[in-house]
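Commentary on secondary and tertiary structure
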Amino acid sequence: MNNGAQILVIDDEIQIRKLLEITLDSNNYRTIFAVNAKEGLSMVANHQPDLVILDLGLPDEDGQVVLKRLREWYKNPIIILTVKSAEDEIVKALDNGANDYLTKPFRTQELLARIRTALRNSVTEEKEPIIEFGSVSIDLASRIVRLNNEILKLTTTEYNLLSIFVKNDGRVLTHQYLLKEVWGNSYADQTQYLRVFVAQLRKKIEEDPNRPKFIITESGVGYRFNTS
Amino acid sequence: MFYQIIARVMSTILNQIKIKNQYLISVLSVGTVASLCLFIRDYLDYKIVGYLLLVVVSVLSMFLAILPLLLSAVLSALILNFLFIKPYYTLHISNAEDSLLLILFFIIALVNAVLTHKIRRAEKILQVKEVRINTMKLYNALLDSLSHELRTPISTIMGAIDTIQSKSVPISDENKDNLYGEIEKASLRLNHQVENLLNMSRLESGVIEPKMDWCDLEELIYNVLDHLKEDLQFHKVIVKTDENLPLFKLDYGLMQQIIYNLVFNASQYTPKGAKIEIKVSYNAAVDFEYNPEKLFPCVITIADDGIGFPENEIDKVFDKFYRLQNSKTGGTGLGLSIVKGFVEAQHGIVKLENREEGGSVFTLSFHTLTMNTKEISNEIAINK
């Protein structure tokens, strides 16, 4: 069911490698492993895996450096593993081209969901013009949003924000990225706009705005739009 | 007892005065007293001046280091001789009685200085010992609670795995599932405690630098409640926030941990069906003016209608590793001290009180930049 996508895991911890091997194998992925940055970089070059899982805490090289060097030529998704409470590191890694992140300790169900999202996004670049989730449908061509088949009035900013979210279903988007995309480069650290408009958008599209299902807060990092 | 207090105060003063300034103090105080006496030299017996200078040396001996002290003793002897013992302005002494007096003066000043210095040193050693004993006590408390809090889940995991893997005794699928459930619970508990310990060590090492950014506290509170929904399934949680709650400049991650620990605590130490009320209040003036420079109060209260805290222990609950005398549930006594540390890292204050109507209330008060969001929302009209 996963077309046997090949995944390279770069992690120096044998227990994590073992866990991932069993988990990924039983989900029909093909797995290969590297124990340090040097081995990892050469394996990406030799095997061209469909996805890379990269631990930021490698013994021989800073994970951020590995990430940058990979992104010089490697186009497929990279998911990073890191420790919690390292939000700055996470944001930096996302800026350096990582597609997603997981903090240790992580649940394998979560990892599998992230892998599915990353692989799906890399396969289909062009989207359907009409996107549906929950009781919301968005026509990206005519810029019309419906809730329960009735037209939902959104402001320009709300619509722009929502359309970026739906185009990046399942992906984590940093505060900076969203601010630059919706409001422009000079707004990159004006998080107040994001806070206000995310709250407004949630009130319009979420069933219970206080327990959002679609626009998920990623503490200290950004937001993740999730329809699955 | 009284002497100990004086000595402690003095030694703290001593630690704060640089050695160079100590020499200055010693010369200045002897000089000042001597020059004051000089004006009334003709009406005073030089013996009185001698006593006065002795008093100066004695007072100095309570907080100066040994070398500046010896300087003051020598200096006062010289001044006494030069200015007050006839013939004036010479170091020559005409009669034997005066010579004897001067020598006695010098010896008393010296002995006084050296003795006080020795007592002070003994006091210091005692203090160091006391600190070490307290550290040991704290360390033992840590070991006690840690060994319990970490070993319990580890035992559960190891034991459950043994039973599942055991070949001699077959185990039913239902029991297997139960054991897997216990393993999961144990690892979550282990994770929670490790998280606490890491937070504590972050606080201890002083590496916490709050990242102040605009926070939607209503969203943050519901986010925390969502993480705690398992623990709160038998509690009634009420969130009271204003519809137009402004944004506050606080550290989102630290605030999350603070509220998490307080609500988690309330869920653990109150009976099923208890009510937990979270309220955010702010200065209504924010609704009418927006001043990007001005700090406004932001007060978060977390109240429950449980049994409250014993009055005599309220002051101690924020201490590291402190656990209530009669507490049954596990815990390392770290949760509330992390709350205190994280609140103070954002220049806030945390307070615990028992409520008259029963239960207790934690009050978090911050003074922080506050933003009325209406202005931002108003932009919509322009965009439209």
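A brief structural summary. All of these numbers come straight from a predicted model, not from anything done at the bench.

1. Let's talk about the overall build of chain A
In terms of helices and strands, chain A carries eight helices and 12 strands. Structurally, chain A occupies a C-alpha span of about 55 × 40 × 30 Å along its principal axes. Taking all 228 residues of chain A together, the buried fraction comes to 51%. Long-range pairs, those at least 24 residues apart, make up 56% of the contacts in chain A between residues at least 6 apart in sequence. Of the charged side chains in chain A, 29 are positive and 32 negative, and the gap between their average positions amounts to 3 Å.

2. Quick notes on the interface of chain A and chain B
The interface is formed by 24 residues belonging to chain A together with 26 residues belonging to chain B. Summing both partners gives a buried area of about 2200 Å² for chain A against chain B, and 50% of it is carried by carbon and sulfur. When the buried area of chain A at its contact with chain B is split by residue, Gln-192, Arg-195 and Asn-210 of chain A rank highest and sum to 24% of it. Applying the counting rule to chain A against chain B returns three salt bridges. For Glu-219 of chain B, the salt bridge identified is with Arg-202 of chain A, shortest N-O distance 2.9 Å. Along the contact surface separating chain A from chain B lie nine residue pairs in polar contact (both at pLDDT 80 or more). Of all elements in the fold, only helix H4 (87–95), helix H6 (156–167) and helix H8 (191–205) of chain A reach the threshold of two or more residues within the side of chain A that touches chain B. Taken together, the residues that form the side of chain A that touches chain B break down as six nonpolar, 11 polar and seven charged.

3. Here's the deal with the packing of helix H2 (residues 37–47) of chain A against helix H3 (residues 63–71) of chain A
Residues and elements named next belong to chain A. As a packed pair, H2 and H3 sit with axes 11 Å apart at the nearest point and diverge in direction by 15°. In terms of orientation, H2 and H3 fall into the roughly parallel class. The two elements H2 and H3 cross, and the hand of that crossing is right-handed. Contact residues: Ala-37, Leu-41 and Val-44 in H2; Val-66, Arg-69 and Leu-70 in H3. A per-class count over the contact of H2 with H3 returns five nonpolar, no polar and one charged.

4. So, the packing of aromatic side chains
Per the counting criterion, the structure on display carries 15 aromatic pairs over all chains. Both rings, one in Phe-133 of chain A and one in Phe-225 of chain A, keep their centres 5.1 Å apart while their planes meet at 85°; by these two values the pair is edge-to-face. Highlighted residues: Phe-133 of chain A in strand E6 (residues 130–133) and Phe-225 of chain A in strand E12 (residues 222–225), separated in sequence by 92 residues. Among the residues examined, Phe-133 of chain A registers a relative accessible area of 4% and is labelled buried. When its relative accessible area of 1% is taken as the criterion, Phe-225 of chain A is described as buried. Pairing Tyr-187 of chain A with Tyr-193 of chain A gives two aromatic rings, centres 5.3 Å apart and planes at 85°, and the pair type is edge-to-face. A relative accessible area of 13% places Tyr-193 of chain A in the buried class. Over the face of the ring belonging to Phe-234 of chain B we find Lys-272 of chain B, whose NZ or CZ atom lies 4.4 Å from the ring centre.

5. Quick word on the sheet that holds E6 of chain A
Residue and element names in this part refer to chain A. What the four strands build is an open sheet, ordered E6-E7-E8-E9; its pairing is antiparallel. The open sheet has two edge strands, E6 and strand E9 (150–151), and neither has a second partner. Taken together, the four bridges between E6 and strand E7 (residues 136–139) define a ladder with antiparallel strand orientation. In the strand pairing of E7, Phe-133 is matched with Val-136. Across the face of the sheet, H6 comes into contact with E6, E7 and strand E8 (144–147) while running at roughly 100° to E7.

Quick notes on the rules
- Residues numbered from 1 in each chain as written.
- Chains lettered and ligands numbered in written order.
- Predicted model: local features only at pLDDT ≥ 70, side-chain atom pairs only at ≥ 80, totals over all residues.
- Heavy atoms only, no water.
- Helix = DSSP H or I, 4+ residues; strand = E, 2+ residues; numbered from the N terminus.
- Buried < 20%, exposed > 50% of the residue type's maximum accessible area, 1.4 Å probe, protein only.
- Contact = heavy atoms within 4.5 Å.
- Lys, Arg positive; Asp, Glu negative; His and termini not counted.
- Charge placed at Lys NZ, Arg CZ, Asp CG, Glu CD.
- Buried area = accessible area lost by both parts, 1.4 Å probe.
- Salt bridge = Lys/Arg side-chain N within 4 Å of Asp/Glu carboxyl O.
- Polar contact = N/O pair within 3.5 Å; in protein donor to acceptor, adjacent residues only side chain to side chain.
- Nonpolar A, V, L, I, M, F, W, Y, C, P; charged D, E, K, R; others polar.
- Axes fitted to C-alpha atoms, helices over the stretch in contact; angles between N-to-C directions.
- Parallel < 35°, antiparallel > 145°, perpendicular 65-115°, else oblique.
- Left-handed = near helix turned anticlockwise from the far one by under 90°.
- Phe/Tyr/Trp six-rings, centres within 6.5 Å; stacked < 30°, edge-to-face > 60°.
- Lys NZ or Arg CZ within 6 Å of the ring centre and 35° of its normal.
- Pairing = 2+ DSSP bridges.

No statement about biological role is implied by the geometric values presented.
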